[in-house]
Amino acid sequence: MVSLWPRSQRKVPTFGNEITQLDFVRSLREPCILSKDFTTNFKADIFLSDYKNEHGISPVDYEKFLNVFDPNHEVSVEQIDPQSGQKVYRRMSLLDFVYLLQEGGDSQVYLKDWHAQKEFSLPSNIYHDHLPYFMKMDWINNEKWTESDENPMKGDYRFIYFGAPGSRTLLHEDVFRSFSWSYNVTGFKHWLILPMHRKGEFLQRYPEVDDFSTIPNVIEDFELIEAIQEPGEIMVMPPGYYHQVLNLTECLSINHNTINAFNIYAVYEELCERLKAVLKELDDQRELRTEDDFAETVELVLNSDYRITKRTMFQLAQFIQSDRSQKLKNDQIIDCDPPSDIEATNFWTFGDIRVVESILNCQCDCNDASRHLLSPNPCPTFIKQMNAIDYFFSQFIIRKIADSFEQ
Ligand SMILES: O=C(O)CCC(=O)C(=O)O
Ligand SMILES: [Fe+2]
Ligand SMILES: [Zn+2]
């Protein structure tokens, strides 16, 4: 199992059960891996063979996989066209996709960004119920509107990735300053990650490059970080990090993109930047169109570029505010104003830990007190506190956007 990509001595840290929530949150400014400790209750078995293969792991049992889903279900599959060597996408049934995996060969088939969770309503006990609470704090994928047409994001951001050995995802940052996490059901993935403090310089020097491995000495010159992610591990990728992934063996994984109180302000700030850029680009059209028509065009462009606009974000924040205020109904907390220092303590942008510490300062006396955020079922006091945090942050975003509409 040798990687075709260059290797780095700088490793993504792996955390086991012993990590406290405070250390976890502090570490979240950089990518990290949650070890198998966190996924022992996941029902990976419904996809996997009973035997171990030559790599010492249980591979996907194709029959079980096709049983969980539907052999005739159509999906879009990425592969390398043998003639041109180019990436192409083909619609095919899951059964035909599995045939291609079994066949092997060089086409590096990769089923990516597949909304299996939505298309098949995967039972929540497969993985969702067992996720650390941090991952359940998800304004897009864990709400009553997630599966409905009302979803302001126009859909969920829960995916399955299933790829042949050698299949890959080239250099990118994830959508709308979400943080993404990737639970590896089986296989080994080689991740290469650009440290945040080298991002500006890298983009300036290599604006068009989509693969680190094409740049000589890139590991040393840009201090790249790496991970060989093993079965059962969860990679947590904070907003804005550039990364690429190579499947060293056949790999099946579950991936989510998330917005919550931790990153909402970073999502908003980036949205303002992108909006500015779009307005500049479309400036010569302003005179040629009516005000409404122009606004609509801006909305469309921003939506296809960033996948979230002020309108969608406003709506999302309103949904959260109303949901959390119902949940907090009789608690005084909803009479408070948002903490005035939110802006100055934006976690992802400025890395100030004070807000996070106050989030974690739960007034309960349960046994889990130092691990609430990593526990799948924290105490009700903590859940209430997190609802209050969501409430504050959603209210804050609503005000910000409302003010900007008035200007
Ligand atoms: O596993 C892959 O191919 C890509 C995963 C990824 O980019 C992510 O989870 O953010
Ligand atoms: Fe990604
Ligand atoms: Zn507690």
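If you're wondering where the values come from, they're calculated on a predicted model, not measured in any experiment.

Scoring rules and cut-offs
- Residues numbered from 1 in each chain as written.
- Chains lettered and ligands numbered in written order.
- Predicted model: local features only at pLDDT ≥ 70, side-chain atom pairs only at ≥ 80, totals over all residues.
- Heavy atoms only, no water.
- Helix = DSSP H or I, 4+ residues; strand = E, 2+ residues; numbered from the N terminus.
- Buried < 20%, exposed > 50% of the residue type's maximum accessible area, 1.4 Å probe, protein only.
- Polar contact = N/O pair within 3.5 Å; in protein donor to acceptor, adjacent residues only side chain to side chain.
- Domains from an automatic or database assignment.
- Contact = heavy atoms within 4.5 Å.
- Buried area = accessible area lost by both parts, 1.4 Å probe.
- Salt bridge = Lys/Arg side-chain N within 4 Å of Asp/Glu carboxyl O.
- Donors = N, O, S within 2.8 Å, 3.2 Å for Na, K, Ca; no water.
- Pairing = 2+ DSSP bridges.
- Axes fitted to C-alpha atoms, helices over the stretch in contact; angles between N-to-C directions.

Some points on the side chain of D323
Structurally, D323 can be placed in helix α10 (residues 310-327). We classify D323 as buried; its relative accessible area is 4%. Within the structure, D323 has its side chain in polar contact with the side chain of K327 (distance 2.8 Å).

Some thoughts on the domain arrangement of the chain
A common way to express how large an interface is: the accessible area buried when the components associate. With domains assigned, the chain is organised as domain 1 (14-258) and domain 2 (264-406). For domain 1 versus domain 2, the separation of C-alpha centres amounts to 25 Å. Facing the 34 residues of domain 1 at the interface are 39 residues of domain 2. A buried area of about 3400 Å², summed over both sides, lies between domain 1 and domain 2, and 67% of it is on carbon and sulfur atoms. Taken as a group, Q21, Y133 and W139 account for 26% of the area that domain 1 buries against domain 2, more than any other trio of residues on that side. With its nearest N and O atoms 2.7 Å apart, the salt bridge here joins K144 to D323. Secondary structure elements with two or more residues in the side of domain 1 that touches domain 2: α1 (21-27) and α5 (133-136). With 5 residues, α1 is the largest single contributor of residues to the side of domain 1 that touches domain 2.

As for the coordination of the iron ion (ligand 2)
In the first shell of the iron ion (ligand 2), the protein supplies H172 (NE2), D174 (OD) and H243 (NE2), at 2.1 to 2.2 Å from the metal. Sequence positions of the residues that donate to the iron ion (ligand 2) give the spacing H-x1-D-x68-H. With relative accessibility at 23%, the residue H172 sits in the partly exposed group. For D174, a relative accessible area of 18% corresponds to the buried category.

A closer look at the sheet that holds strand β4 (residues 87-93)
Strand pairing within a sheet occurs via backbone hydrogen bonds; the two strands may be parallel or antiparallel. One open sheet holds the 9 strands; their spatial order is β1-β2-β11-β8-β13-β6-β5-β3-β4, and the pairing between them is mixed. Every other strand in the sheet has two partners, leaving β1 (14-15) and β4 as the edge strands with one partner each. Pairing of strand β3 (residues 74-80) with strand β5 (residues 110-114), which is carried by 2 bridges, proceeds in the antiparallel orientation. Bridging from a neighbouring strand, E78 pairs with Y110 of β5. This element, helix α3 (residues 94-103), spans β3, β4, β5 and β6 (158-163) of the sheet and lies at about 125° to β4.

Re unusual backbone geometry
A positive phi angle, close to 50°, is found at Q108, a residue other than glycine. Relative to the assigned elements, Q108 resides in the loop between α3 and β5. One non-glycine residue, D113, lies in positive phi territory at about 50°. Mapped onto the elements of the fold, D113 is located in strand β5.

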